[in-house]
Amino acid sequence: MTSEPQSSRLGGGPGGFPFAPPLPLFLLNPILKRIVHRIAVQNPDMFDRLGPHRHAYFLIDPVDIPFMLYLRPDPEALDFRAVGRRNPPPHAARISGKFLDLLTLMDTEQDGDALFFSRDLIVTGDTEAVVCLRNALDDVDDPIAESVADMFGPPGRAALNALRRAAENAQKRKGAK
Amino acid sequence: MNAMVKPELICPAGTPAALRSAVDAGADAVYCGYQNATNARNFVGLNFTPEEMEKSIRYAHDGGTKVLITLNTFPPAGKVELWKEMVDLSARLGADACIVADIAVAAYIRDTYPDLRIHLSVQAAASSPEAIEYYVREFGVKRVVLPRIMTVSEIRGLLKEIPCEVETFIFGNHGLMVEGRCSLTNYVTGQSTNMDGACSPAACVKYERADDGSMSTILGDYMIDRFGPEETAGYPTICKGRYKCDARDGGYYAFEEPISLNASTMLPDLINAGVHAFKIEGRQRSRAYVKKVVAAFREAVDSIMAGQEPRLADLVALTEGQKQTEGALKTKKWR
Ligand code: SF4
């Protein structure tokens, strides 16, 4: 289990993120629970790629939104919830990056290694667990971001398209630097 | 050998989803391996179960794409059974070729499945006409994957002398050494790239962040690099580490730098030289990588064959350390 300093390069803290839901976490958590259960039902084979790490807790840290996500990808005891930044719970590994970068990873549009090379993705803790999670998420039939958007019908898909455009623009700005 | 054969595009897949992406993006062939030590990307969470391989071969063949199975590690002495089992499985599933490095594995295919094509892996490090002729004569090897140490003019000369097809790497990891002989990772992790199939297994890798934003890469008990807050990073392999040595001040990339091969500007020369197949490295990469790189090279090869100026997509974001080189294809002094 590990905890680490906040990335200085990636910024961190809320920072006025335009898509940050103005929701208290207790309202968000039932939605996250629904999402993770749906994805697990749609992709039962993905857990095989996690091997022994399906029982591990992952802290997913979108550094530019006010909360982090806490995931245990164990089909027998799935757990996915939002947690505050102040006292991160014990975890095997932490994955930090900007929200839009993490989203494009889930959308299978971004290569995790490329984000790692550019230092836009930071991995600490159990590296093998993270690699297994990455491979499991990469091997699903439909991109996870799309499955989540579909759960919310047309508004969900519209939101995903808006986020995709924002990610594309952010990518272009990065390329232009 | 005649010039201007249309080279096949040989694309990597570490998961069935990546294989489907490669097929959909226009791969002529996909190479992939099983979840064990028989392939040189034996990383946890990667590769194919027999059931996944069966379905994936069906998907590829439906899309007109071949599947080449990597059995390209060296069995430890007297322990060739697993490799034979994987050959049997591959033959049963209808693989189009097996990519092998070890002569015992090659001999087993020659004797048991004379119709199954043998491709000689880069791990065999065969680059001289004599070495290649030996593999062709003794085992019926149909294609040799050349080590990444040859210039285009050397490849052109070689093609005139050998009786088999040639495949060259055009994109991806640029960790050279003498391919198939590197034992650096054994020294630090106790596992062998060449026999266990894993260089720098993730279980031995740790990244440590400091308050100033710098990041250290630790492999086993050794720190092999430290990146400043704004520096791009590379793979956690010893060959890409920075070390202190008497000849230089400060940390120094003593073996190789974090950099990727990108031979897109060399494609016309390689096609003119008569190379039969172009290989993209990266079975450990995501399907996003596979999709982007395969699509880019599909377009480039097709436009060259159509006599047009190739449009070369910018792939630098996908390269290690965000740096690219034409490597030895252009000059032996690539560093
Ligand atoms: S240390 Fe480098 S050259 Fe050696 S096996 Fe690993 S990646 Fe290849």
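With an unreviewed UniProt entry as reference, chain B is termed Putative protease, source organism Rhodovulum steppense.

You'll find chain A entered in an unreviewed UniProt entry as Putative lipid carrier protein YhbT, with Rhodovulum steppense given as the organism.

> Could you give me a rundown of the overall build of chain A, with the residues and numbers involved?
Of the regular secondary structure elements, chain A holds six helices and five strands. Overall, chain A shows an N-to-C arrangement of helices and strands of α-β-β-β-β-α-α-β-α-α-α. Counting across all 177 residues of chain A, residues that qualify as buried make up 55%. Contacts spanning at least 24 positions in sequence make up 66% of the contacts within chain A whose residues lie at least 6 apart.

> Outline the overall build of chain B, listing residues and values.
Across its full length, chain B holds 10 helices and 13 strands. Taking 335 residues into account, the globule formula puts the C-alpha radius of gyration at 20 Å, and chain B, at 20 Å, falls close to it. Across its three principal axes, chain B shows a C-alpha extent of roughly 60 × 50 × 40 Å. In the structure as shown, chain B presents an accessible area of about 13500 Å², 50% of it carried by carbon and sulfur atoms.

> Give a detailed account of the domain arrangement of chain B, specifying residues and quantitative values.
The accessible area lost on association of the parts is a frequent measure of interface size. Residue and element names in this part refer to chain B. Split by domain assignment, chain B resolves into domain 1 (8–174 + 259–329) and domain 2 (198–253). Spacing between the C-alpha centres of domain 1 and domain 2 amounts to 29 Å. Residue-level contacts link 11 residues of domain 1 with seven residues of domain 2. For the pair domain 1 and domain 2, the summed buried area comes to about 720 Å², and 48% of that belongs to carbon and sulfur atoms. Summed over the three residues of domain 1 that lose the most area to domain 2, namely Phe43, Glu320 and Gly321, the buried surface amounts to 55% of that side. Its salt-bridge partner being Glu320, residue Lys240 comes within 2.8 Å of it at the nearest N-O pair. Within the side of domain 1 that touches domain 2, the residues separate by chemical class into two nonpolar, six polar and three charged.

> Account for the interface of chain A and chain B, naming residues and giving values.
Counting residues at the interface gives 33 residues for chain A and 46 residues for chain B. Of the roughly 3200 Å² buried between chain A and chain B on both sides combined, carbon and sulfur atoms contribute 48%. Summed over the shared surface of chain A and chain B, the number is five salt bridges. The closest approach of N and O atoms between Asp113 of chain A and Arg285 of chain B, which form a salt bridge, is 3.5 Å. The interface formed by chain A and chain B contains 21 residue pairs in polar contact (both at pLDDT 80 or more).

> Tell me about the UniProt feature "domain: SCP2" (unreviewed entry) in chain A, and name the residues and values.
When the UniProt feature table is mapped onto this chain numbering, "domain: SCP2" (unreviewed entry) sits at residues 68–137 of chain A. Spanning residues 68–137 of chain A, this segment combines 36% helix with 30% strand, and its end C-alpha atoms are found 18 Å apart.

> So, the sheet that holds strand S2 (residues 67–72) of chain A: which residues are in play, and what are the values?
Residues and elements named next belong to chain A. In space, the five strands of this open sheet follow the order S3-S2-S1-S4-S5, with mixed pairing throughout. This sheet does not close on itself; its edge strands, each paired only once, are strand S3 (79–84) and strand S5 (121–125). Within this sheet the neighbouring strands show an average axis-to-axis angle of 20°, counted without direction. Here three bridges tie strand S1 (residues 58–62) to S2, and the two strands are oriented antiparallel to one another. Each bridged residue has a counterpart across the sheet, and for Ile60 the counterpart in S2 is Leu69. With respect to the sheet, helix H1 (residues 25–42) is in contact with S2 and S3, its orientation differing from that of S3 by roughly 155°.

> Explain the sheet that holds strand S9 (residues 215–219) of chain B to me, using residue names and the numbers behind them.
Either a parallel or an antiparallel arrangement is found when strands of a sheet pair, and the pairing is made through backbone hydrogen bonds. All names here are of chain B. Overall, antiparallel pairing links the three strands, which are arranged S8-S9-S10 in an open sheet. The outermost strands of the open sheet, each flanked by one partner alone, are strand S8 (205–209) and strand S10 (222–227). With strand direction ignored, the average angle separating the axes of adjacent strands in the sheet is 20°. The sheet contact formed by S9 and S10 spans five bridges and is antiparallel. Note that in S10 the partner of Ser216 across the bridge is Arg226.

> So, the side chain of Arg94 of chain A: which residues are in play, and what are the values?
All names here are of chain A. Positionally, Arg94 belongs in strand S4 (residues 93–97). Residue class for Arg94 comes out buried when judged on its relative accessible area of 6%. Of the polar contacts made by the side chain of Arg94, one reaches the side chain of Asp61; its length is 3.0 Å.

> Can you break down the environment of Glu85 of chain B residue by residue, with the values?
All names here are of chain B. Mapped onto the secondary structure, Glu85 falls in helix H3 (residues 81–93). You can call Glu85 partly exposed: its relative accessible area is 45%. For the pair Glu85 and Gly220, spaced 135 residues apart in the sequence, the C-alpha separation amounts to 32 Å.

> Any chance you could break down empty space enclosed by the protein for me, citing the residues and the numbers?
Residue and element names in this part refer to chain B. This structure, assessed with the given rule, holds six cavities of 30 Å³ or more. A volume near 90 Å³ is recorded for the largest cavity. For the largest cavity, the lining is made up of 14 residues, of which Pro147, Arg148, Met150, Phe169 and Leu329 are closest to its centre. Counting residues per element, the lining of the largest cavity draws most heavily on helix H10 (residues 327–330), which supplies three residues. Broken down by class, the residue content of the lining of the largest cavity amounts to nine nonpolar, three polar and two charged.

> A description of the pairing of strand S7 (residues 165–173) of chain B should follow, citing residues and the corresponding values.
Each regular strand displays side chains that alternate between the two surfaces of the sheet. Residues and elements named next belong to chain B. Burial analysis of S7 places eight of its nine residues in the buried class, the great majority of the element. As paired strands, strand S6 (residues 143–145) and S7 are joined by three bridges and run parallel to one another. Within the sheet, the bridge partner assigned to Val145 lies in S7 and is Glu167. A crossover connection joins S6 to the parallel S7 through helix H6 (residues 152–161); in handedness this β-α-β unit is right-handed.

> Describe the confidence of the model for chain A, with residues and values.
Per-residue confidence for chain A gives a mean pLDDT of 84; residues scoring 70 or more make up 85%. Across residues 1–8 of chain A the pLDDT falls below 50, and counting only partners more than four positions away or on other chains, this stretch makes 26 contacts in the model.

> Just give me the short version of the side chain of Arg54 of chain A, but keep the residues and values in it.
Residues and elements named next belong to chain A. By the element assignment, Arg54 lies in the loop between H1 and S1. Assessed through its relative accessible area of 19%, Arg54 is described here as buried. Looking at Arg54, its side chain comes within polar contact range of the main-chain oxygen of Phe47, at 3.2 Å. In this view, Arg54 contacts Phe47, Asp48, Arg72, Pro73, Asp74 and Pro75; residues no more than four positions away in its chain are not counted.

The rules behind these values
- Residues numbered from 1 in each chain as written.
- Chains lettered and ligands numbered in written order.
- Predicted model: local features only at pLDDT ≥ 70, side-chain atom pairs only at ≥ 80, totals over all residues.
- Heavy atoms only, no water.
- Helix = DSSP H or I, 4+ residues; strand = E, 2+ residues; numbered from the N terminus.
- Buried < 20%, exposed > 50% of the residue type's maximum accessible area, 1.4 Å probe, protein only.
- Contact = heavy atoms within 4.5 Å.
- Rg over C-alpha atoms; globule rule 2.2 N^0.38 Å.
- Areas by Shrake-Rupley, 256 points an atom, 1.4 Å probe, with all protein chains shown as cover.
- Domains from an automatic or database assignment.
- Buried area = accessible area lost by both parts, 1.4 Å probe.
- Salt bridge = Lys/Arg side-chain N within 4 Å of Asp/Glu carboxyl O.
- Nonpolar A, V, L, I, M, F, W, Y, C, P; charged D, E, K, R; others polar.
- Polar contact = N/O pair within 3.5 Å; in protein donor to acceptor, adjacent residues only side chain to side chain.
- UniProt positions renumbered as here; feature names shortened; annotations may be inferred.
- Pairing = 2+ DSSP bridges.
- Axes fitted to C-alpha atoms, helices over the stretch in contact; angles between N-to-C directions.
- 1 Å grid on protein atoms, 1.4 Å probe; cavity = no way out; pocket = protein on both sides within 12 Å on 5 of 7 lines; lining within 4 Å.
- Points joined across faces, edges and corners; volume = space filled by probe spheres on them.
- Right-handed = clockwise from strand over helix to strand, strands pointing away.
- pLDDT = per-residue confidence, 0-100.

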